[in-house]
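# Examining the three-dimensional arrangement
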Amino acid sequence: MRLKDKVAIVTGGAHGMGEAEVRLFAEQGAAVVIADLLDKEGEAVAADINAGQGRARFVRTDVTSEADWQRLIAETVATYGKLDILVNNAGISGSAVGDVDLLAGWQRIMNVNATSVFLGTKHAAAAMAKAGRGSIVNISSIMGFVGSEDSHPGYAASKGAVRIYTKAAAAKYGPMGIRVNSVHPGFMPPMLNATNQAGRASKIAATPLRRLGEPIEVAYGVLFLASDEASFVTGTELVIDGGYIAQ
Ligand code: NAD
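Residues numbered from 1 in each chain as written. Predicted model: local features only at pLDDT ≥ 70, side-chain atom pairs only at ≥ 80, totals over all residues. Heavy atoms only, no water.

### Some words on the sheet that holds strand β7 (residues 237–240)
Strand order in this open sheet of seven strands is β3-β2-β1-β4-β5-β6-β7, and the pairing throughout is parallel. This sheet does not close on itself; its edge strands, each paired only once, are β3 (55–60) and β7. Taking each pair of neighbouring strands and ignoring which way they run, the sheet shows an average axis angle of 20 degrees. Summarising the sheet, strand β5 (residues 134–139) and strand β6 (residues 178–185) pair through six bridges and their orientation is parallel. (Pairing = 2+ DSSP bridges. Helix = DSSP H or I, 4+ residues; strand = E, 2+ residues; numbered from the N terminus. Axes fitted to C-alpha atoms, helices over the stretch in contact; angles between N-to-C directions.)

Written out as structure tokens, the structure is:
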């Protein structure tokens, strides 16, 4: 068990890649708190894990709310006694905020995808510092490295912010024993379900491995960074993209 006796929070853990991370972490021995807005899905994932060998609970959380973060971390520590791992995975795609030129859309996507990571890291690090150890994994994107004509510029800006904030946080929290790393998935099914078949085909064609990724392929990378196997890894970028940005 690679996360035996660890306590983890995964934001956006009720669906998509976050759900894959929650299930893998639970299989690997962690108690997992699913922090999401989706009550029904989050409760169902937690119930499924608890019906098996695992430990999980759902805490309704809006990652843009500082009060929700404070409550989430307090409830996690009250339930499981500590916090070892935070995965800042919750996010929205450009299609969720409409017209790419609207200021409100830019602000919304920055808030959900980037400001949430600052809030989560700040509050998780305060809890982890008491134990003198912890691992924070921030989910960025290939769009944190490169732009794309058919992607919302605010999405790329938000993921670029996550990438560099991760390094600043690694420098700030390293002396407290807290590691902070970013993961950069390529094109994956969950968010792409919202795009049309032509968009899907062009993304497959642009990926050297000629397919979309699977959530579990990202989850294994997140697991490594979250675990003690990565005990000397901080401030780094793990790209899991089928080769998209290698070209
Ligand atoms: P998804 O839409 O399946 O899951 C995102 C989850 O985040 C959902 O459960 C949603 O309810 C939750 N969420 C959204 N806003 C929230 C908020 N304010 N508070 C709490 N929870 C909230 O998406 P996914 O494809 O699994 O994406 C997960 C992460 O990976 C995102 O950060 C995304 O930007 C990133 N990513 C996705 C892809 C892709 O192609 N799917 C590629 C690179 C990076």
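Picking up after the structure, the text goes on.
### Examining the site of the ligand
Surrounding the ligand, one finds 25 residues, the nearest of these being His15, Met17, Asp36, Asn89 and Tyr155. At 2.6 Å, a side-chain N or O of Asp36 approaches an oxygen atom of the ligand. Within the side chain of Asp62, an N or O atom sits 3.0 Å from a nitrogen atom of the ligand. In isolation the ligand exposes 820 Å². Once the protein is present, 92% of that is buried. The residue inventory of the shell around the ligand, partitioned by class, reads 13 nonpolar, nine polar and three charged. (Near = heavy atom within 4 Å. Polar contact = N/O pair within 3.5 Å; in protein donor to acceptor, adjacent residues only side chain to side chain. Areas by Shrake-Rupley, 256 points an atom, 1.4 Å probe, with all protein chains shown as cover. Nonpolar A, V, L, I, M, F, W, Y, C, P; charged D, E, K, R; others polar.)

### Considerations on unusual backbone geometry
Phi angles above zero are rare outside glycine, and Asp5 is one such case at about 65 degrees. Following the sequence through the fold, Asp5 ends up in the segment before β1 (7–11). Looking at Asp5, the relative accessible area reads 48%, which means it is partly exposed. In the Ramachandran plot, Arg210 falls in the positive-phi region, its phi being about 55 degrees despite a non-glycine side chain. Note on Arg210: relative accessible area 52%, which makes it exposed. (Buried < 20%, exposed > 50% of the residue type's maximum accessible area, 1.4 Å probe, protein only.)

### Some remarks on the nonpolar core
Grouped together as the largest cluster of nonpolar side chains are 31 residues, with contacts concentrated most on Phe25, Val87, Val137, Val183 and Val222. For this core, the secondary-structure elements that each account for two or more residues are β1, α1 (16–27), β2 (31–36), α2 (39–51), β3, β4 (85–88), β5 and α8 (215–226). (Core = buried A, V, L, I, M, F, W, Y, C linked by side-chain atoms within 4.5 Å.)

### Quick notes on the packing of α1 against α8
Their axes nearest at 9 Å, the elements α1 and α8 cross at an angle of 55 degrees. Relative to α8, the element α1 is oriented oblique. Crossing geometry of α1 relative to α8 is assigned as right-handed. Each of Gly16, Met17, Ala20, Glu21, Leu24 and Phe25 in α1 lies in contact with α8, whose residues at this interface are Pro215, Ile216, Val218, Ala219, Tyr220, Val222, Leu223 and Ala226. Taken together, the residues that form the contact of α1 with α8 break down as twelve nonpolar, one polar and one charged. (Parallel < 35°, antiparallel > 145°, perpendicular 65-115°, else oblique. Left-handed = near helix turned anticlockwise from the far one by under 90°. Contact = heavy atoms within 4.5 Å.)

### Remarks on the pattern of salt bridges
Applying the stated criterion across every chain, the model contains 16 salt bridges. Glu19 is the partner of Arg23 in a salt bridge, and the nearest nitrogen-oxygen pair spans 2.9 Å. Here Arg23 pairs with Glu19, and both are found in helix α1, just four residues apart, close to one helical turn. Arg23 sits in the partly exposed class, given a relative accessible area of 28%. Here Arg60 ties to Asp39 by a salt bridge, and the two come within 3.1 Å at their closest N and O atoms. With Arg60 in strand β3 and Asp39 in helix α2, this pair connects stretches of sequence that are 21 residues apart. Assessed through its relative accessible area of 35%, Asp39 is described here as partly exposed. The network of salt bridges with shared partners includes Arg57, Asp68, Arg71 and Glu75. (Salt bridge = Lys/Arg side-chain N within 4 Å of Asp/Glu carboxyl O.)

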